[in-house]
Amino acid sequence: MLRYGLGEISQHHPSGQDLLHVFEIQTPWILLHQTIRLVVLDYVEDYANGTIWSTGLLRARFANDFTQLLNRRNVILKRIQEKGRINVSNVQRSHPENHLVEMGVEASINIIQHPEFVSLLKQGTIKRIEQTQSIICEGVRVYNSPDFIHHSERGETLVKLNPFGEIPASRRQRQAALLRLYGGNDSTILQFSLQQRHWNVKKTIPTDAEVNDAMSLVRLDLEQMENLYSLVGKNNNLDKIPLADTYRSCMNCQVRFICPSKDGLERAKAEQFTLMCV
């Protein structure tokens, strides 16, 4: 809600602009896994065009892409710190560390050598899909694109990379169901999840019932978000934004380092008011 709702509402206010920029400041750990995904997809795209990378090239590409993401993060962080309107003093500038680069390279090599992945690359055609590509289903625009689509004599396969760890079975099922919207009723969904630098793969063909259930949840989420957006936009009342019940619920949040709840849930409402210039 802060990122996609209030940040957009207040984007023309100086602190609102800062809020949007703050959400771009990810931890080096998150940027590491973003780089894994980007490098693997570039590898797939080049492979499909007949260019196969050496291990040395993969390592060089990973180090370069990781460094670029960190440098961009540092520039945004410096800009916000110099303005002084939002306190991010506990966040430090980062530089690529060799052990992180090696971890990322190892994870990247592990997936391109995974038997399921190799099978996709060796036969058929591959089309890369951008993350921002959406699809409209029953009047709702859904953003849940596969990373690439594979076609062969055996049919269509939609592939999704989840580099941030194994996701719960219920969430994985919903993701697979929404991914099917980008293919056909018989499309196979392959979901690769990274766990301790090793990739687990789940292969499913979601049913119509599972797709309908997933879309029902999307519609409910959309309805709740629009209700909150309306309440906050009209009354500027941040009490309407639900917070996590416990700090443990925040552990997988990618932007928890700038969330008011990091200093205690009791102070969160006051912190949110300050953050949004109320």
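Bear in mind the structure is a predicted one, so any value in this text is a computation, not a measurement.

Asker: Can you walk me through the packing of helix 3 (residues 28–48) against helix 4 (residues 55–83) in this structure?
Answerer: When two helices pack together, their arrangement is given by the angle between the helix axes and by the axis-to-axis distance. For the pair helix 3 and helix 4, the least separation of the axes is 9 Å and the interaxial angle reads 135°. In terms of orientation, helix 3 and helix 4 fall into the oblique class. The element helix 3 and its partner helix 4 pack so that their crossing is right-handed. For the pair helix 3 and helix 4, contact is made by Pro28, Leu31, Leu32, Gln34, Thr35, Ile36, Val39 and Asp42 and by Leu58, Arg61, Phe62, Asp65, Phe66, Leu69, Leu70 and Arg73, respectively.

Asker: Before we go on, may I ask you to explain the packing of aromatic side chains in this structure?
Answerer: The full count for this structure, using the stated rule, is five aromatic pairs. Pairing phenylalanine 62 with phenylalanine 66 gives two aromatic rings, centres 6.1 Å apart and planes at 40°, and the pair type is tilted. Taken together, the residues span about one helical turn, with phenylalanine 62 and phenylalanine 66 both in helix 4 at a distance of four residues. When sorted by exposure, phenylalanine 62 lands in the same class as phenylalanine 66, which is buried. Between the aromatic rings of phenylalanine 117 and phenylalanine 148, the centroid separation amounts to 6.0 Å while the plane-to-plane angle is 90°, which identifies the pairing as edge-to-face. In this pair, phenylalanine 117 is assigned in helix 6 (residues 115–122) and phenylalanine 148 in strand 4 (residues 148–152), connecting sequence segments 31 residues apart. Grouping residues by exposure puts phenylalanine 117 and phenylalanine 148 together as buried.

Asker: Any chance you could explain the confidence of the model for the chain here in plain terms?
Answerer: One rule of thumb: low pLDDT means the predicted coordinates there are not for detailed reading. Across the chain, the average pLDDT comes to 83, with 73% of residues at or above 70. Looking over the chain, one finds the lowest element-wise mean pLDDT in helix 9 (residues 268–275), namely 56, and the highest in strand 5 (residues 155–162), namely 96.

Asker: In this structure, what is going on with helix 3? I would like to understand it.
Answerer: Taking 1.5 Å per residue, 21 residues should reach 30 Å; helix 3 reaches 30 Å between its end C-alpha atoms and fits that length. After helix 3 finishes, the residue glycine 50 shows a positive phi value of roughly 95°.

Asker: Teacher, can you tell me more about the nonpolar core here?
Answerer: The tendency in soluble globular proteins is for nonpolar side chains to be buried as a group. Ranked by size, the top nonpolar core spans 31 residues in total, and within it Phe62, Phe66, Ile111, Phe117, Leu161 and Phe192 carry the most contacts. With sequence-adjacent residues up to four places away left out, phenylalanine 62 is seen in contact with Leu32, Thr35, Ile36, Val39, Leu100, Val101, Gly104, Val105 and Ser108. Listed in part, the 16 residues of the second largest apolar core include Ile149, Ala177, Leu178 and Tyr182.

Asker: Quick question: what am I supposed to make of the packing of helix 3 against helix 5 (residues 98–112) here?
Answerer: For the pair helix 3 and helix 5, the least separation of the axes is 10 Å and the interaxial angle reads 40°. As far as their axial angle goes, helix 5 and helix 3 are oblique. In this structure, helix 3 meets helix 5 at a crossing whose hand is right-handed. Residues Trp29, Leu32, Ile36, Val39, Val40 and Tyr43 of helix 3 touch helix 5, and the partners they reach there are Leu100, Met103, Gly104, Ala107, Ser108, Ile111 and Ile112.

Here is what the cut-offs are and how they apply
- Numbers given for residues are sequential positions, taken from 1 along each chain in its written order.
- Reporting of local features is limited, given that this is a predicted model, to residues whose pLDDT is at least 70; pairs of side-chain atoms are given and counted only at 80 or more, and all residues count toward the totals for whole chains, interfaces and linings.
- Here the side-chain values reflect all heavy atoms present in the structure, with hydrogen atoms and water set aside.
- Structural elements are reduced to axes, namely lines fitted to C-alpha atoms, with helices fitted over the stretch in contact, and the angle between N-to-C directions of any two is expressed from 0 to 180 degrees.
- Under the scheme used here, helices are H or I runs from DSSP no shorter than 4 residues and strands are E runs no shorter than 2 residues, and both carry numbers assigned from the N terminus.
- Roughly parallel covers angles under 35 degrees, roughly antiparallel covers those over 145, roughly perpendicular covers 65 to 115, and oblique covers all other angles.
- Here is the rule for handedness: rotate from the far helix to the near one, and if that takes an anticlockwise turn smaller than a right angle the crossing is left-handed, while a clockwise turn gives right-handed.
- Contacts are residue-level and defined by heavy atoms, with any inter-residue pair within 4.5 Å sufficient.
- Ring pairs are drawn from Phe, Tyr and Trp, using the six-membered ring of Trp, whenever the two centres fall within 6.5 Å, and their geometry is named by plane angle: stacked under 30 degrees, edge-to-face over 60, tilted for the rest.
- Note on classification: 1.4 Å probe, protein chains only; a residue is buried when its accessible area is under 20% of the maximum for its type, exposed when over 50%, partly exposed between these limits.
- Per-residue confidence from the prediction method is given by pLDDT, with values spanning 0 to 100.
- Here, expected helix span is obtained from the residue count minus one, scaled by 1.5 Å.
- The nonpolar core is taken to be a set of buried Ala, Val, Leu, Ile, Met, Phe, Trp, Tyr and Cys residues, with the residues joined through side-chain atoms within 4.5 Å.

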